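Survey of secondary and tertiary structure
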Amino acid sequence: KGEPVRSNHTSTQAFEFDARLKSVAPLAVDDESRASIRAGEGIANAYALIVNNSKLLSDTVPGRFALMSKNFKESADAISGCEGYEPLGSRLNALSEVCSASDMVLNGDALGCSAKAEEAISKLEAAKRELLANPKLAMTLRAVDLEIAQSRTLKNVADMVNNGTSKDPLKTLNLLSLIHI
């Protein structure tokens, strides 16, 4: 609930920055310079895809969670190759699973959602352990805690549908939205 985080930059600007990095990559003369450019490219791509997802959070277009899942997966692939950012890659992969689970429940697959949400929770908890060992990324722990809590809520909603009298996940979600937690 609430407004998604707004970025000071657009995804277009991040993709343009990535293109500029690619254009200067041939000028890199040593391994350290090439690694720095590759890291910049990975970070720029991941950032652009995450900015796109922040816009999708406030959208209601059908299939948005499937698209967000794909964006998180691609951003995880982009950032995982950047030294020191591997825990962020793990977190983004887990968020891809959360979005897949969300897409499942919205499309009536509460059983699949429950299993996928359980998998996402496990991956988020593993990412949290990785983040604890990484001073550069430890500031994201609170966000991961919130993501774990929201994933548990998603799993509980799916379980309520699977075990309840209503097999309609949207009806269950509507009832829960009436409750102010």
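This text follows the structure it describes.
Residues numbered from 1 in each chain as written. Predicted model: local features only at pLDDT ≥ 70, side-chain atom pairs only at ≥ 80, totals over all residues. Heavy atoms only, no water.

The secondary structure content of the protein amounts to seven helices and zero strands. Walking the protein from its N terminus toward its C terminus, one meets helices and strands in the order α-α-α-α-α-α-α. The buried share of the protein, taken over its 181 residues, is 39%. For the protein, the proportion of contacts with a sequence separation of at least 24, taken over those separated by at least 6, is 60%. When the accessible surface of the protein is totalled, it reaches about 10600 Å², and 59% of it is carbon and sulfur. (Helix = DSSP H or I, 4+ residues; strand = E, 2+ residues; numbered from the N terminus. Buried < 20%, exposed > 50% of the residue type's maximum accessible area, 1.4 Å probe, protein only. Contact = heavy atoms within 4.5 Å. Areas by Shrake-Rupley, 256 points an atom, 1.4 Å probe, with all protein chains shown as cover.)

In this section: the nonpolar core. Ranked by size, the top nonpolar core spans 30 residues in total, and within it Met68, Phe72, Ile79, Leu92, Cys113, Leu124 and Leu154 carry the most contacts. Breaking this core down by element, the ones donating at least two residues are helix H2 (31–57), helix H3 (64–80), helix H4 (86–106), helix H5 (110–132) and helix H6 (141–163). It is H4 that provides the largest number of residues to this core, a total of eight residues. The contacts of Met68, once residues within four sequence positions are left out, are Asn53, Leu56, Leu57 and Cys99. (Core = buried A, V, L, I, M, F, W, Y, C linked by side-chain atoms within 4.5 Å.)

So, on to the side chain of Ser102. Along the chain, Ser102 falls in helix H4. Every residue in contact with Ser102, bar those within four places of it in the chain, is listed here: Phe65 and Leu154.

On to the pattern of salt bridges, then. Tallying each qualifying case throughout the model produces 13 salt bridges. As a salt-bridge pair, Arg91 and Glu147 come within 2.5 Å of each other at their nearest N and O atoms. Note that Arg91 is positioned in helix H4 and Glu147 in helix H6, a separation of 56 residues in sequence. Residue classification places Arg91 among the buried residues on the basis of a relative accessible area of 11%. Overall, Glu147 belongs to the buried group, its relative accessible area being 14%. Each of the salt bridges in this network shares a partner with another, and the network as a whole consists of Glu97, Lys116, Glu119 and Lys123. (Salt bridge = Lys/Arg side-chain N within 4 Å of Asp/Glu carboxyl O.)

Moving on, we get to H5. When the terminal C-alpha atoms of H5 are compared, their 32 Å separation across 23 residues agrees well with the 33 Å that a helix rising 1.5 Å per residue should span. Of all the positions in H5, only Ala110, Gly112, Cys113, Ser114, Ala117, Ala120, Ile121, Leu124, Ala127 and Leu131 are classed as buried. (Expected span 1.5 Å × (residues − 1).)

This paragraph deals with the packing of H3 against H4. At their nearest, the axes of H3 and H4 sit 8 Å apart, and the two run at 170 degrees to each other. Put simply, H3 runs roughly antiparallel to H4. Viewed along their axes, H3 and H4 form a crossing whose handedness is left-handed. Listed contacts from H4 to Phe65, Ala66, Met68, Ser69, Phe72, Lys73, Ser75, Ala76, Ile79 and Ser80 of H3 are Glu86, Leu88, Gly89, Leu92, Asn93, Leu95, Ser96, Cys99, Ser100, Ser102, Asp103 and Leu106. Of the residues belonging to the contact of H3 with H4, the class tally is eleven nonpolar, eight polar and three charged. (Axes fitted to C-alpha atoms, helices over the stretch in contact; angles between N-to-C directions. Parallel < 35°, antiparallel > 145°, perpendicular 65-115°, else oblique. Left-handed = near helix turned anticlockwise from the far one by under 90°. Nonpolar A, V, L, I, M, F, W, Y, C, P; charged D, E, K, R; others polar.)

As a further point, take the environment of Ala120. Within the secondary structure, Ala120 sits in helix H5. Accessibility expressed as a relative area gives 1% for Ala120, which makes it buried. Distance from Ala120 to Arg91, taken between C-alpha atoms, is 9.4 Å for residues 29 residues apart in sequence. Other than its neighbours up to four places away in sequence, Ala120 contacts Ala94, Glu97 and Val98.

This part covers the packing of H4 against H6. The description of two packed helices rests on the angle between their axes and on the distance between the axes. Relative to each other, H4 and H6 sit at 25 degrees, their axes nearing to 11 Å. On the basis of the axis angle, H4 is roughly parallel to H6. The crossing of H4 and H6 is left-handed. For the pair H4 and H6, contact is made by Arg91, Leu95, Val98, Ala101, Ser102 and Val105 and by Ala143, Val144, Glu147, Ser151 and Leu154, respectively. Per-class residue counts for the contact of H4 with H6 are seven nonpolar, two polar and two charged.

Read these as geometric descriptors, not functional statements.
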